Amino acid sequence: MKQTPKNIAIIGSGLVGSLLAIYLRKLGHQITVYDRRPDIRNVEFSGRSINLAMSNRGWTALREVGIENEVKKIAIPLDQRAIHVEGQPEYYQKYGKEGEAIWSISRGILNRRMIDLAEEAGVVFRFEEKVWDVNLPEGKIYTGATEKGKWKEYLYDIVFGCDGAFSRVRHKMQRRSRFNYVQEFIDVGYKELTIPANEHGTHKLDKHSFHIWPRGKFMFIAMPNMDGSFTCTLFLPFEGEVSFEKINTKEEAKRFFNTYFPDVTPVIEDLTTDFFNNPTSALVTIKCYPWTYWDKVALVGDSAHAIVPFYGQGMNAGFEDIYALNKMIAKYGDDWEQIFSTYQTERKPNADAIAELSYRNFVEMSSMTADPNFILQKKIEKRFAQKYPDKWIPAYSRVTFSNKPYVEALANGDAQEEIMKQIMQIPNIDEIWDSEAVDQKILSLLSGKEKHEV
């Protein structure tokens, strides 16, 4: 169905706002994007980013508007985890089947490219213009230099809030009756660090791996960039015996890295410099409902469902919001109230599911990837999935390498975990893990759980 062109405002020029602008512009709408920040194309990056892991959902959304190939030019495929365990050689875990990979992309570089592509499509960007208030029923937004200064008023047919976890648009919606809102910070913060490239621009670590140093309650990760560097992230408790509060000098930082991450010692000077130059940031999960107001206002991406980054799905989930919204536009045409109602009804349960999965994956990445029982369990699951691909799709593959709903991935992952608990209790499982007897046991447990599509 075709749509009557609308005058639409998007609040937020980040990844979700920029992609939504491209989608809506290609449908013939007049799009203006507002952002309180300067144009990211003219500023240095802030040291607050975690490299993005683009996977199937994100690529599907980019493919739909014809920009997938442009983005792949600035991305590196990673087909495995490289696990750096204390006192042992590093080892590798393949993510999925042959040819399946996540793609490492610098958030800042991608955001710059997306804004360029949006401008090429005819989108107007208004940087350094902060939205202070929104008149929800009328679609009016108010911008100004300060909260108490003089404001400008703009009237739009529709307003989209793509302004992140602490959305100004959502803040206005929260003041309406029967708006549900929950935010929860975890006690682990993060700090962005950098491993520079070798002298000739090559990578110091394997460039097609997602590198993880699991250390129980904390961890260090590294993802490659096109210039040979790695964007690294230290996830560490704010307080406690080993925590950010205990590292206050360069010597303490060096001692910390030498103790827990000795194999990155050759670049320790760079890491300790970054440690004090870059901010320590918090991680929050935000859930709210409803996401829309009449046919006038809708929240998309983090403004509706901020999640912790441990499944690499924050951007992918936001892009999938847009892809789903586009399908509803195709179905309902000019009925924006129906579009918005269907959008929030479909996407809300999936947002809650990926929030839960993301939190759980921190435990897996920081603690379990170095655990022998966990490694064995994953070997059993991988072998069985290869042998019976119609009966077992691992939860990670369902989230990362498919477009199946997140709610299915959560439900089926829970069902699979119950089965594997029983398998891991088999006597001498470490000796017979690849036997026909184990296969048959899994098959018998599956047959007793026919209501679950695992």
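Keep in mind the model is a prediction, meaning the values are calculated, not measured. (Residues numbered from 1 in each chain as written. Predicted model: local features only at pLDDT ≥ 70, side-chain atom pairs only at ≥ 80, totals over all residues. Heavy atoms only, no water.)

**Observations concerning the overall build of the chain**
Okay, step 1: Secondary structure assignment for the chain yields 15 helices and 20 strands.
Okay, step 2: Taken over the C-alpha trace, the chain has a radius of gyration of 23 Å; the compact-globule value for 454 residues is 22 Å, and the two agree within 12%.
Okay, step 3: Dimensions along the principal axes, computed over C-alpha positions, put the chain at roughly 70 × 60 × 40 Å.
Okay, step 4: Put simply, the chain has 454 residues, and 54% of those count as buried.
Okay, step 5: Across the chain, contacts joining residues at least 24 apart in sequence account for 70% of those joining residues at least 6 apart.
Okay, step 6: Charge centroids of the chain, computed over 58 positive and 62 negative side chains, lie 4 Å from each other. (Helix = DSSP H or I, 4+ residues; strand = E, 2+ residues; numbered from the N terminus. Rg over C-alpha atoms; globule rule 2.2 N^0.38 Å. Buried < 20%, exposed > 50% of the residue type's maximum accessible area, 1.4 Å probe, protein only. Contact = heavy atoms within 4.5 Å. Lys, Arg positive; Asp, Glu negative; His and termini not counted. Charge placed at Lys NZ, Arg CZ, Asp CG, Glu CD.)

**Comments concerning helix H15 (residues 436-447)**
Okay, step 1: Taking 1.5 Å per residue as the helical rise, H15 with its 12 residues ought to reach 16 Å, and the 16 Å between its terminal C-alpha atoms agrees with that figure.
Okay, step 2: The complete set of buried residues in H15 reads Val438, Asp439, Ile442, Leu443, Leu445 and Leu446. Around the axis of H15, the buried residues are gathered within 165 degrees of arc, so they sit on the same side.
Okay, step 3: Along its buried surface, H15 packs onto helix H11 (372-387), helix H13 (406-424) and helix H14 (429-432). (Expected span 1.5 Å × (residues − 1). Arc of directions from axis to C-beta.)

**Regarding the UniProt feature "transmembrane region" (unreviewed entry) in the chain**
Okay, step 1: UniProt records the feature "transmembrane region" (unreviewed entry) at residues 7-24, using the numbering of this structure.
Okay, step 2: A helix fraction of 56% and a strand fraction of 28% characterise residues 7-24, whose end C-alpha atoms lie 10 Å from each other. (UniProt positions renumbered as here; feature names shortened; annotations may be inferred.)

**Considering a negative patch on the surface**
Okay, step 1: Together, Asp295, Asp334, Asp335 and Glu337 line one region of the surface with negative charge.
Okay, step 2: As for its placement among the helices and strands, Asp295 is situated in the loop between strand E19 (292-293) and strand E20 (297-299). (Patch = residues over 30% accessible without salt bridge, like charges linked within 9 Å, V, L, I, M, F, W, Y side chains within 5 Å. Areas by Shrake-Rupley, 256 points an atom, 1.4 Å probe, with all protein chains shown as cover. Salt bridge = Lys/Arg side-chain N within 4 Å of Asp/Glu carboxyl O.)

**Some details on the sheet that holds strand E4 (residues 76-78)**
Okay, step 1: The strand order across the open sheet formed by three strands is E3-E7-E4, and the pairing between neighbours is antiparallel. One side of each edge strand has no neighbouring strand; the edge strands of this open sheet are strand E3 (52-54) and E4. Direction aside, neighbouring strands of the sheet carry axes that sit 40 degrees apart on average.
Okay, step 2: Examined bridge by bridge, E3 and strand E7 (residues 102-105) share three bridges and lie antiparallel to one another. Looking at E7, one finds that Leu52 is bridged to Ile105. (Pairing = 2+ DSSP bridges. Axes fitted to C-alpha atoms, helices over the stretch in contact; angles between N-to-C directions.)

**Some remarks on the packing of H13 against H15**
Axis angle and axis distance: for two packed helices, these are the angle between their axes and the distance between the axes, and together they describe the pair.
Okay, step 1: Between H13 and H15, the least distance of the axes is 10 Å, while the angle of their chain directions is 140 degrees. Regarding H13 and H15, the two cross each other, and that crossing is right-handed. In this structure, H13 uses Ile419, Gln422 and Ile423 to contact H15, whose residues at the interface are Val438, Lys441, Ile442, Leu445 and Leu446. (Left-handed = near helix turned anticlockwise from the far one by under 90°.)

**Let's talk about the environment of Asp206**
Okay, step 1: Structurally, Asp206 is set in the loop between strand E14 (188-195) and strand E15 (209-214).
Okay, step 2: As a C-alpha pair, Asp206 and Ala82 span 124 residues in sequence and 8.3 Å in three-dimensional space.
Okay, step 3: Dropping the residues within four chain positions of it, Asp206 is found in contact with Gln80, Tyr92, His211 and Phe230.
Okay, step 4: Among the polar contacts listed, one links the side chain of Asp206 to the backbone nitrogen of His208, at a separation of 3.2 Å. (Polar contact = N/O pair within 3.5 Å; in protein donor to acceptor, adjacent residues only side chain to side chain.)

**A short note on the packing of aromatic side chains**
Okay, step 1: Under the defined criterion, the tally for this structure stands at 33 aromatic pairs.
Okay, step 2: The interplanar angle of 25 degrees and the centroid separation of 4.7 Å between the aromatic rings of Tyr293 and Trp294 together place this pair among those described as stacked.
Okay, step 3: Owing to a relative accessible area of 48%, Trp294 belongs among the partly exposed residues under this scheme.
Okay, step 4: Relative to Phe401, the ring of Tyr396 has its centre 6.1 Å away and its plane inclined at 65 degrees; by these criteria the two rings are edge-to-face.
Okay, step 5: Here Tyr396 falls in the buried class, since its relative accessible area comes to 16%.
Okay, step 6: Of the aromatic side chains, those joined through ring pairs into one cluster are Trp213, Phe218, Phe220, Phe238, Phe244, Phe256, Phe257, Tyr260, Phe261, Phe275 and Phe276.
Okay, step 7: Sitting above the plane of the Tyr406 ring, Arg57 keeps its charged end 4.0 Å from the centroid. (Phe/Tyr/Trp six-rings, centres within 6.5 Å; stacked < 30°, edge-to-face > 60°. Lys NZ or Arg CZ within 6 Å of the ring centre and 35° of its normal.)

**Brief notes about the confidence of the model for the chain**
Okay, step 1: Mean pLDDT over the chain stands at 93; residues scoring 70 or higher make up 97%.
Okay, step 2: In the predicted structure, residues 450-454 sits below a pLDDT of 50 and forms 13 contacts with residues beyond four places in sequence or in another chain. (pLDDT = per-residue confidence, 0-100.)

**Topic: the state of the cysteines**
Okay, step 1: According to the stated counting rule, one finds zero disulfides in the structure shown.
Okay, step 2: Here Cys288 is not disulfide-linked; the sulfur of Cys162 is the nearest cysteine sulfur, at 13 Å. (Disulfide = S-S within 2.5 Å.)

**What about the pattern of salt bridges?**
Okay, step 1: All told, the structure shown has 28 salt bridges when counted by the stated rule.
Okay, step 2: Glu70 is the partner of Lys73 in a salt bridge, and the nearest nitrogen-oxygen pair spans 2.8 Å.
Okay, step 3: Using a relative accessible area of 54% as the deciding quantity, one classes Lys73 as exposed.
Okay, step 4: When its relative accessible area of 25% is taken as the criterion, Glu70 is described as partly exposed.
Okay, step 5: Among the ionic pairs, Arg383 bridges to Asp439, the shortest N-O distance being 2.7 Å. With Arg383 in helix H11 and Asp439 in helix H15, this pair connects stretches of sequence that are 56 residues apart.
Okay, step 6: Several salt bridges converge on common partners, so that one network encompasses Asp39, Arg41, Asp116 and Glu119.

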